[in-house]
Amino acid sequence: MSLLTNLYLAPAVATAGLVLYIAYWVISSKIRNATSPLRDLPGPPRDNWATGSFREVREFESVAQHEEWEKQYGPVFRYHSFFGTDKVRMGDPKGVNHVLSHTQEFHKSVTVRIALGQLLGKGLLFVEGDRHKQQRRVISPAFGPLQIRKFAEMFVNKSNQLRDIWGAQVAESKRKDGKVKLDAFVWLNKASLDMIGLAGFNYDFDALHVPEDKPNALNEAVQHMVQFPNPLFFFVQIFFPLFRLLPSERARTTEENLKVIRDIGMKMIAEKKAAVLSGASTGADGKAIIEKKDVQDHDLLSLLIKSNLARDMPENQRMSDEDIMHQVPTFLVAGHETTSTGLTWTLFALSTRKDVQAKLREELLSLPTDTPTLDQLNSLKYLDCVIREALRLHAPVNITQRDAVVDTVIPLSKPFIDNKGIERHELRVRKGDTIQIPIQELNRSEEFWGEDAMEFKPERWLNLPETVSGMPGIWSNILTFIAGPHACIGYQFSIAEMKAMLFAIVRTFEFELAIQPDEIARRDWIVGRPHVATMLDAGAQLPLLVSLAKKD
């Protein structure tokens, strides 16, 4: 056969193969759905094969749609997802707790793992099973209370730098009312990136002061990593793996940015590993002696390396340099993006409640210092209530998903009636079934939080209703940091950072939205960021009018 003939036939063969694969997928998904134990679950009908039960909204931005379905079908229902697949929406707290705590039966879904893998590499948020246990065991000492206490001074210093920058802009305001328009999201994102750079790697991004047109390479790579992908192409790649081989601009830029992070990360790891070994004593066998109990200082990466090299760390539990490198984008992107987004939504909430803002400011001013310690920050009860309420109402991550890796049963706190009229007290799932856990919906559920669940009311934390006592969560009866062995390892780090920044900002400034609240739209990709509804392509932003707080 001639080369010309081969070149002519190749596209036809590829097209035929793709058609056969899609036909196989369609037929197998229909068979699976028809024989699945989920087939008798109540739920909305399928609108079309490609987008399932969704017509006018994207599935990962469908909180309002799911809330409507819950009213109609109850907290546990089936809905149709992309390309013929079905999912269970698990809104039962006991069921959620079971799924999140039984990690031997439920792993992060394929969708979540592909998204996290593309964004962060194969770090702690990606791995499952024994590898997750191994990595978490090594990383945990870096996030202990003692370490966070040591980071607090840096959090406060960076927060005060942000305060001074805003203060300088307010001082230059040309408006008669003395206000200046600022994009809170951009500035909080910069401050948080500076904090994770110093705390994580002793690396100074100095994003607060670097000109927009001259970012350093690592800063630029991190910012590009969190941009929105093409959602249709992303889901096509998930369900049809052959499409992952196709070149795309998104794949190219993601790989370029990951390479920058990897190269700088491996250099930092080599330098810090050498520093750790140079300061260690030597045993009789000539090997360095590093005890885990000595891991008590420096940045997260140094602490991780010390923990990994500790003599009392079993050899089979140690992480490779490659595994450690994968934590660099995890710390950088996940460590600053979720915190800055949570802070931005907190300022949004405070902008809509001037009375809460004033009450919080009064408490913050009761401390006669602008450089509080962590203990002083933790003593501020209303500040704590404000953060808990903001993270309840505006969880940065709105859903998580798990795939069953075995046939199993999920216990429920309340029974449901299936499509055959039978009362069920548990849910049978089959290997491969996907369970969606609605973080934001459970955090806002009127059944648990009361009729005012959708309102921003920090005072509720002074007297919580009994109904929330059974809500799963590693922190504060909410799912924002999820629960179980995969709960957020850095949640105390994030809360300390938020307290420091809110202390500096709210104590000094009054602020209000520069537009109407209903003009702010949430867009979700990994995390849910605020956008101006009429300017979605402009990216995440929160325009505020800021002025100096009036002094009595």
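Structure report, in brief. (Residues numbered from 1 in each chain as written. Predicted model: local features only at pLDDT ≥ 70, side-chain atom pairs only at ≥ 80, totals over all residues. Heavy atoms only, no water.)

**Describing the pattern of salt bridges**
The line we're drawing: Each salt bridge in this description consists of a side-chain nitrogen of Lys or Arg and a carboxyl oxygen of Asp or Glu lying within 4 Å of one another. In this text, helices come from DSSP runs of H or I with a minimum length of four residues, and strands from runs of E with a minimum of two, each type numbered from the N-terminal end. Burial classes: relative accessible area under 20% of the type maximum marks a residue as buried, over 50% as exposed, and values in between as partly exposed (1.4 Å probe, protein chains only).
As enumerated under the stated definition, the model contains 32 salt bridges in all. Arginine 175 serves as the salt-bridge partner of aspartate 177, at 2.8 Å between the closest nitrogen and oxygen. Residue glutamate 447 is joined to lysine 414 by a salt bridge in which the shortest nitrogen-to-oxygen separation is 2.5 Å. Note that glutamate 447 is positioned in helix α17 (residues 446–449) and lysine 414 in strand β8 (residues 408–417), a separation of 33 residues in sequence. The partly exposed category is assigned to glutamate 447, whose relative accessible area is 38%. Sharing partners across several salt bridges, the network here consists of Glu389, Arg392, Asp452, Lys457 and Arg460.

**Points about the sheet that holds strand β7 (residues 400–404)**
This is how the line gets drawn: Here, any two strands with at least 2 DSSP bridges between them count as paired. For helices, the axis comes from a line fit to the C-alpha atoms of the stretch in contact; other axes are also lines fit to C-alpha atoms, and the angle between any two N-to-C directions lies between 0 and 180 degrees. In what follows, residue pairs with any heavy atoms lying within 4.5 Å of each other are defined as contacts.
Pairing in this open sheet of five strands is mixed, and the strands run β1-β2-β10-β7-β3 from one edge to the other. What marks the edges here is a single partner per strand, and that holds for β1 (76–80) and β3 (106–108). Ignoring strand direction, the axes of neighbouring strands in this sheet form an average angle of 35°. Here strand β2 (residues 86–90) pairs with strand β10 (residues 434–437) via three bridges, running parallel. Bridge pairing in β10 places arginine 89 opposite glutamine 436. Relative to the sheet, helix α3 (residues 93–101) contacts β2, β3, β7 and β10, its axis offset from that of β10 by approximately 120°.

**Structural notes on the side chain of glutamate 363**
This is how it is decided: Neither His nor the chain termini are counted; the positive set is Lys and Arg, and the negative set is Asp and Glu.
In this fold, glutamate 363 is placed in helix α13 (residues 354–365). For the buried glutamate 363, which has no salt bridge, the nearest side chain bearing the opposite charge is lysine 359, at an N-O separation of 8.4 Å. Every residue in contact with glutamate 363, bar those within four places of it in the chain, is listed here: Leu380, Lys381, Tyr382 and Leu383.

The values reported here are purely geometric and, on their own, carry no functional implication.
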